[in-house]
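# Commentary on secondary and tertiary structure
Next come the chains, spelled out residue by residue.
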Amino acid sequence: MRAPMRSVPSAVGPVCPPASDAADGREPAAVPEKPSARPSSPQVKSCTDEEIWLRVTREVADDLAVDALDRDRAGKPPFDELARLREAGLPALLTPPGPARRGTDWRTACAVVREIAAADGSIGELLARHYVLAWSARFFSTPERADGLELRASAEQWLWGGGIDLPDAEPATGPALSLTPDKDGYLLSGCQSFAAGVTVADRLVLGAVCADTGESLVVWVDPAHPGVAAEPENDRLGQRLAAAGRIRFDGVPVPADQVLGAVPHDEHAFAPFATLAPLALRLALVHVGLGVAEGALAEARDITRAAPRGRAGTGRDEGGYPDRPGADPYLLLAYGELATEAHTAAAVVESASEALARGLVAGPGLGVDQRADIAVLVAAAEAVTSRSAVRLTTRVLELTQGAGPVADPLGFDRFWRNARVLTAQASPTHRLRDIGDHYLNGTHPPLTLHA
């Protein structure tokens, strides 16, 4: 069992999750393969207790934890896992609240991601990237277009995949994805790798360069088009169920209404609010890494508590602690250090989450200085959590005797593997340098869409 999830205050009105199939007597449908269309979710109704979402998330996380090890070893595409998320209504959770109060806020979404990641890091990453990409229209398009797209996406419970990582300058080999003008919009071509959602996403948000003008555009496409081919990576070290891989696009139509907006090449022309997109992604992945570490520590604690005997004595003056492991002072010291490290990382992450939540609420009115402060806090959260996640999961392997030459029967190695893959995506050294430059010289981190 994992540690209980924190109660997260919300800046907006709470929502209740859609009713599940089990509520009306129907059995949940199995999802053996990716369906061509998603059923519409029931209307989300307002309620007075946002804790409902957190309780629903705990139930889903507990369900995922039961067979997490078996699913990780099988390495199959996570269609069944996504069906569990949809049954609980979690894909539509982070929808900006409107007149119908149909969504919740950033802090609650982060708490949901962290709880799911504690049970299954891969599914936590899928959900984290989905939540950030679901806000793409808010970052790059108009509020009116964003409203329409979000209503449709939440009603059909789309899972968003892809990524917006446009180059600051065109590389010598040309952009990974290019758009050729067509009479009804553009044709998308090229190939790009993504860390999650390659085989399971319902819609893809992408950054591509117009072949004629060199303009960088943010678009969304339907991966069900025959011109889209996914090449999954099935032999990853960790995050095996995140559905990473490459996607090839061969003349995929992109109508004009699927172009969310243009991205300027000049850093000074960037709207500070739009550059929250990569910060939101980085912080969401920090919550995934922290969840993985907390999940490993909680499971190790439960295994240690259930151990039948303590550690035997090894020295002349040491009688051991045969009655129970909890009487071993060295074990208490180890868990005390790890718990303190987890609490420290959580405090830094919560501070960054609060700051980003305020920035998202500010919207287009966000200033450059505010954005710089948010970027520094996110960088601090990344630097602290990346080190803590690797250290915690490594020590858990040692405490549970899973670091030996024999295969770990308890499966604690999956936490370490997931933490390594997550932390390898960004260098703490670069983050610390940016923090130091800001602290010492007052330099603002660059306005960019690079995650």
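Rules behind the numbers
Residues numbered from 1 in each chain as written. Predicted model: local features only at pLDDT ≥ 70, side-chain atom pairs only at ≥ 80, totals over all residues. Heavy atoms only, no water. Helix = DSSP H or I, 4+ residues; strand = E, 2+ residues; numbered from the N terminus. Buried < 20%, exposed > 50% of the residue type's maximum accessible area, 1.4 Å probe, protein only. Contact = heavy atoms within 4.5 Å. Areas by Shrake-Rupley, 256 points an atom, 1.4 Å probe, with all protein chains shown as cover. Core = buried A, V, L, I, M, F, W, Y, C linked by side-chain atoms within 4.5 Å. pLDDT = per-residue confidence, 0-100. Pairing = 2+ DSSP bridges. Expected span 1.5 Å × (residues − 1). Arc of directions from axis to C-beta. Salt bridge = Lys/Arg side-chain N within 4 Å of Asp/Glu carboxyl O. Phe/Tyr/Trp six-rings, centres within 6.5 Å; stacked < 30°, edge-to-face > 60°. Lys NZ or Arg CZ within 6 Å of the ring centre and 35° of its normal. Axes fitted to C-alpha atoms, helices over the stretch in contact; angles between N-to-C directions. Parallel < 35°, antiparallel > 145°, perpendicular 65-115°, else oblique. Left-handed = near helix turned anticlockwise from the far one by under 90°. Nonpolar A, V, L, I, M, F, W, Y, C, P; charged D, E, K, R; others polar.

Along the backbone of the protein there are 12 helices and eight strands. With 451 residues in all, the protein has 52% of them scored as buried. For the protein, contacts bridging at least 24 residues in sequence account for 79% of all contacts bridging at least 6. Accessible surface for the protein amounts to roughly 20300 Å². Of this, 55% is attributable to carbon and sulfur atoms.

This next bit is on the nonpolar core. Judged by nonpolar contacts, the single largest core of 96 residues is most densely connected at Trp106, Ile116 and Phe140. If near-sequence neighbours (up to four positions away) are discounted, Ile116 is found in contact with Thr57, Val60, Ala61, Leu64, Leu85, Leu90, Ile123, Gly124 and Leu127.

Here the focus is the confidence of the model for the protein. Any segment with low pLDDT has predicted coordinates that should not be analysed in fine detail. Summing up the model confidence of the protein, the mean pLDDT is 85 and the portion of residues at 70 or higher is 80%. Low pLDDT, under 50, characterises residues 3–49; the predicted model gives this stretch 101 contacts beyond four residues in sequence or across chains.

The subject of this paragraph is the pairing of strand S8 (residues 259–263). For S8, a buried count of four out of five residues is recorded, marking the element as mostly surrounded by other parts of the structure. Summarising the sheet, strand S5 (residues 216–221) and S8 pair through four bridges and their orientation is antiparallel. Of the residues in S8, the one forming a bridge with Leu217 is Ala262.

This part covers helix H1 (residues 51–66). Note: α-helices contain 3.6 residues per turn, so residues at a spacing of three or four share the same orientation. Look at H1: 23 Å from first C-alpha to last across 16 residues, which is about the 22 Å you get at 1.5 Å a residue. Residues of H1 that are buried include every one of Trp53, Leu54, Val56, Thr57, Val60, Ala61 and Leu64, and no others. Buried residues of H1 fall within an arc of 160° about the axis and therefore sit on the same side. Away from the buried face of H1 by more than 90 degrees, exposed residues Glu59 and Val66 are located.

Moving on: helix H12 (residues 428–441). The end-to-end C-alpha distance of H12 is 20 Å, a good match for the 20 Å that 14 residues give at a rise of 1.5 Å each. Taken residue by residue, H12 has Arg431, Ile435 and His438 as its buried positions. Across the axial projection of H12, the buried residues extend over an arc of 65°, all falling on one side. In H12, the exposed positions that point more than 90 degrees away from the buried face belong to Thr429, Arg433, Leu440 and Asn441. One or two residues past the end of H12 sits Gly442, with phi positive at roughly 70°.

In total, this model carries 28 salt bridges according to the counting rule given. We note a salt bridge from Arg107 to Glu354, for which the minimum N-O separation is 2.9 Å. In this pair, Arg107 is assigned in helix H4 (residues 106–119) and Glu354 in helix H9 (residues 329–362), connecting sequence segments 247 residues apart. In this structure, Arg391 engages Glu337 in a salt bridge whose closest nitrogen and oxygen atoms are separated by 3.9 Å. Taken as a pair, Arg391 in helix H10 (residues 368–399) and Glu337 in helix H9 lie far apart in primary sequence, 54 residues in all. On the accessibility criterion, Arg391 (35% relative accessible area) is partly exposed. Look at Glu337 and you get partly exposed, because its relative accessible area is 38%. Within the structure, one salt-bridge network assembled from shared partners comprises Asp63, Asp67, Arg71, Asp80, Glu81, Arg84 and Asp120.

Here we take up the packing of aromatic side chains. This structure, assessed with the given rule, holds seven aromatic pairs. Relative to Phe273, the ring of Phe139 lies with its centre 5.3 Å away and its plane at 45°, an arrangement referred to as tilted. Placement of Phe139 in helix H6 (residues 136–140) and of Phe273 in the loop between S8 and helix H8 (276–306) is noted, with a sequence separation of 134 residues between them. Phe273 shares its class with Phe139; the two are buried. Ring geometry for Trp160 against Trp220: centres 6.2 Å apart, planes inclined by 85°, an arrangement best described as edge-to-face. Here the residue Trp160 occupies a position in strand S1 (residues 160–163), and Trp220 occupies one in strand S5, the gap between them amounting to 60 residues. A cation over an aromatic ring shows up here: Arg203 above the ring of Trp158, its NZ or CZ 4.1 Å from the ring centre.

As a further point, take the environment of Leu93. Turning to its location among the elements, Leu93 is positioned in the loop between helix H3 (79–88) and H4. For the pair Leu93 and Tyr131, spaced 38 residues apart in sequence, the C-alpha to C-alpha distance is 8.2 Å.

Moving on, we come to the packing of H4 against helix H5 (residues 121–133). For the pair H4 and H5, the least separation of the axes is 6 Å and the interaxial angle reads 160°. For the element pair H4 / H5, the angle class is roughly antiparallel. Remark: the crossing between H4 and H5 carries right-handed chirality. Where H4 approaches H5, its residues Trp106, Ala109, Val112, Val113, Ile116, Ala117 and Ala119 are matched on the opposing element by Gly121, Ile123, Gly124, Leu127, Ala128, Tyr131 and Val132.

Direction vectors running N to C along H10 and helix H11 (residues 413–423) enclose 160°, while the axes themselves pass 9 Å from each other. Judged by the inter-axis angle, H10 sits roughly antiparallel to H11. Viewed along their axes, H10 and H11 form a crossing whose handedness is left-handed. Contact residues: Ser386, Ala389, Val390, Thr393, Thr394 and Leu397 in H10; Asp413, Phe415, Trp416, Ala419, Arg420 and Thr423 in H11. Grouping the constituent residues of the contact of H10 with H11 by class yields six nonpolar, four polar and two charged.

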